[in-house]
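Breakdown of the fold
Chain by chain, the residues:
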Amino acid sequence: MIALVLGFGAVAAAAYVGIFTTASVIQLPGGLPTLDPRVVALVMATLGTITTALGGLTLYKSQDM
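Criteria and thresholds
Residues numbered from 1 in each chain as written. Predicted model: local features only at pLDDT ≥ 70, side-chain atom pairs only at ≥ 80, totals over all residues. Heavy atoms only, no water. Helix = DSSP H or I, 4+ residues; strand = E, 2+ residues; numbered from the N terminus. Expected span 1.5 Å × (residues − 1). Buried < 20%, exposed > 50% of the residue type's maximum accessible area, 1.4 Å probe, protein only. Arc of directions from axis to C-beta. Contact = heavy atoms within 4.5 Å. UniProt positions renumbered as here; feature names shortened; annotations may be inferred. Patch = residues over 30% accessible without salt bridge, like charges linked within 9 Å, V, L, I, M, F, W, Y side chains within 5 Å. Areas by Shrake-Rupley, 256 points an atom, 1.4 Å probe, with all protein chains shown as cover. Salt bridge = Lys/Arg side-chain N within 4 Å of Asp/Glu carboxyl O. Axes fitted to C-alpha atoms, helices over the stretch in contact; angles between N-to-C directions. Parallel < 35°, antiparallel > 145°, perpendicular 65-115°, else oblique. Left-handed = near helix turned anticlockwise from the far one by under 90°.

Quick word on helix α1 (residues 2–20)
- With 19 residues, α1 extends 26 Å from end C-alpha to end C-alpha; this agrees with the ideal 27 Å at 1.5 Å per step.
- Within α1, the full set of buried residues consists of L4, G7, A14 and V17. Along the long axis of α1, the arc covered by the buried residues comes to 160°, so they all point the same way. Opposite the buried face of α1, by more than 90 degrees, sit the exposed residues I2, V5, L6, F8, Y16, I19 and F20.
- Buried residues along α1 sit in contact with α2 (37–62).

Here it is as structure tokens:
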């Protein structure tokens, strides 16, 4: 259940970053190169979708006893 919530939160945050970020680049910590907000949003949405799918699969398998 927690994975579903975290996955949906990551997808929602990705939508927010992708739509409402007006900066041209996003500064990353530790001297990493800057990234375009669309790339960050795409990675966040992909990871959020995977997390949501794994959470749903876990809930489905837990009911299959």
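That shown, we press on.
Focus on the UniProt feature "transmembrane region" (unreviewed entry) in the protein
- Per the UniProt record, "transmembrane region" (unreviewed entry) is found at residues 39–60.
- Helix makes up 100% of residues 39–60 and strand 0%, with an end-to-end C-alpha separation of 32 Å.

So, a nonpolar patch on the surface
- Where nonpolar side chains cluster on the molecular surface, the patch consists of L35, V39, V43, L47, I50, L54, L57 and Y60 and spans about 740 Å² of accessible area.
- Along the chain, L35 falls in the loop between α1 and α2.
- In this structure L35 comes out as partly exposed when scored by relative accessible area, which is 31%.

Quick notes on the environment of I26
- Inspection of the secondary structure assignment puts I26 in the loop between α1 and α2.
- Residue classification places I26 among the partly exposed residues on the basis of a relative accessible area of 21%.
- Distance in space between the C-alpha atoms of I26 and D36 is 6.2 Å, their sequence separation being 10 residues.
- Contacts of I26, omitting those with residues within four sequence positions, involve V17, T34, L35, P37 and V40.

Points about the packing of α1 against α2
- Across the interface, α1 lies against α2 with an axial gap of 7 Å and an inter-helix angle of 160°. One element, α1, and the other, α2, form an angle in the roughly antiparallel class. Viewed along their axes, α1 and α2 form a crossing whose handedness is left-handed. In this structure, α1 uses A3, L4, G7, F8, A10, V11, A13, A14, V17 and G18 to contact α2, whose residues at the interface are P37, V40, A41, M44, A45, G48, T49, T51, T52, G55, G56 and L59.

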